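Listed below are the residues making up each chain.
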Amino acid sequence: MTGSDSWLSLLWMLVCVVLIVGLAYWFTRYAAGRGGMGLFSAARGTEQLHVLARLALGREQQLVLVKAGERYFLLGITPSSISALAEFTKEEAESWPGAQGQQTPPDFGEALRTMLQQKRQR
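Residues numbered from 1 in each chain as written. Predicted model: local features only at pLDDT ≥ 70, side-chain atom pairs only at ≥ 80, totals over all residues. Heavy atoms only, no water.

## What to know about the overall build of the protein chain
The condition that has to hold: Numbering of helices and strands runs from the N terminus; a helix is a DSSP stretch of H or I covering at least four residues, while a strand is a stretch of E covering at least two. Here the term buried applies to any residue with accessible area under 20% of the maximum for its type, exposed to any over 50%, and partly exposed to those in between, with areas from a 1.4 Å probe on protein chains only. The contact criterion used is simple: two residues touch if any of their non-hydrogen atoms lie within 4.5 Å. Only the protein chains shown count as cover for residues, and the accessible areas themselves come from Shrake-Rupley with a 1.4 Å probe.
When helices and strands are tallied, the protein chain shows four helices and four strands. Mapped from its N terminus to its C terminus, the protein chain presents α and β elements in the order α-α-β-β-β-β-α-α. Burial analysis of the protein chain (122 residues in total) assigns 17% to the buried set. Taking the contacts inside the protein chain whose residues are at least 6 apart along the sequence as the reference set, 21% of them involve residues at least 24 apart. Carbon and sulfur atoms make up 62% of the accessible area of the protein chain, which totals about 9800 Å².

Take a look at the structure:
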């Protein structure tokens, strides 16, 4: 292998890495559903149906506080079923820790910047 071949291989590898990172960034923006039109936008909720709080009880079991219109429900979720456990008033539901709405996960660019800042601080 000559010197120019190794430089071309290195350049090609660098182009591939940049392309993969760019596609990952683009896909996460698409999947996050900018404007509610993305692939996973239904999982975040709508104005009429919204997950307010979530508590994992085990590997596949969780409690979920859901606002459906003006009603609030506590749901028990397992792989085989979803059960309505209780209905709450607005005041009771809003008193739950974290019930003011879940934080949306950061997009790829924000996560990358945070990771690089943490790495620089070390």
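## Brief notes about the confidence of the model for the protein chain
Detailed reading of predicted coordinates is not advised where the pLDDT is low. Rules: What pLDDT reports is the predictor's confidence in each residue, on a scale of 0 through 100.
Mean pLDDT over the protein chain: 78, with 75% of residues reaching 70 or higher. Ranking the helices and strands of the protein chain by mean pLDDT puts strand β3 (residues 71-77) first, with 91, and helix α2 (residues 41-44) last, with 47.

## A few points about a nonpolar patch on the surface
To be explicit about the condition: For patch detection, residues must exceed 30% relative accessible area and be free of salt bridges, and they are connected within 9 Å for like charges or within 5 Å for nonpolar side chains (Val, Leu, Ile, Met, Phe, Trp, Tyr). When a carboxyl oxygen of Asp or Glu is within 4 Å of a side-chain nitrogen of Lys or Arg, the pair counts as a salt bridge.
Residues W7, L10, M13, V17, V21, L112, M115 and L116 make up a contiguous nonpolar surface patch of about 760 Å² in total accessible area. Contributing elements (two or more residues each) for the nonpolar patch: α1 (3-32) and α4 (108-121). Top element by residues in the nonpolar patch is α1. It accounts for five residues. Structurally, the position occupied by M115 is in helix α4.

## Some words on the pairing of β3
Heads up, the rule is: Any two strands with at least two DSSP bridges between them are considered paired.
In terms of burial, β3 is a largely internal element, five of the seven residues being buried. Note: strand β2 (residues 62-68) against β3, seven bridges, orientation antiparallel. Residue pairing in the sheet places Q62 in a bridge with I77 of β3. With antiparallel pairing between neighbouring strands as the criterion, β2 and β3 make up a hairpin whose turn holds two residues, including G69 at a positive phi of roughly 65 degrees. Summarising the sheet, β3 and strand β4 (residues 82-88) pair through six bridges and their orientation is antiparallel. Residue pairing for β4: I77 is matched across the bridge by I82. Connecting β3 to the next strand, β4, in antiparallel fashion are four residues.

## Some words on the pattern of salt bridges
Scanning the entire structure with this criterion turns up two salt bridges. For E60, the salt bridge goes to R59, with nearest N and O atoms at 3.9 Å. Judged by relative accessible area, R59 falls into the exposed class, the value being 82%. Between R71 and E87 there is a salt bridge, with the nearest N and O atoms lying 2.9 Å from each other. In this pair, R71 is assigned in strand β3 and E87 in strand β4, connecting sequence segments 16 residues apart. On the basis of relative accessibility, which here comes to 43%, the residue E87 falls in the partly exposed class.

## A few points about the sheet that holds strand β1 (residues 49-56)
Put simply, the rule reads: Axis angles are defined between N-to-C directions and span 0 to 180 degrees, where every axis is a line fitted to C-alpha atoms and, for a helix, only to the segment in contact.
Spatial strand order, β1-β2-β3-β4: four strands in an open sheet with antiparallel pairing. The outermost strands of the open sheet, each flanked by one partner alone, are β1 and β4. Pairwise comparison of adjacent strand axes, ignoring direction, gives a mean angle of 25 degrees for this sheet. In this structure, β1 lies alongside β2, joined through seven bridges in antiparallel fashion. Bridge assignment links L55 to a residue of β2, and that residue is L63.

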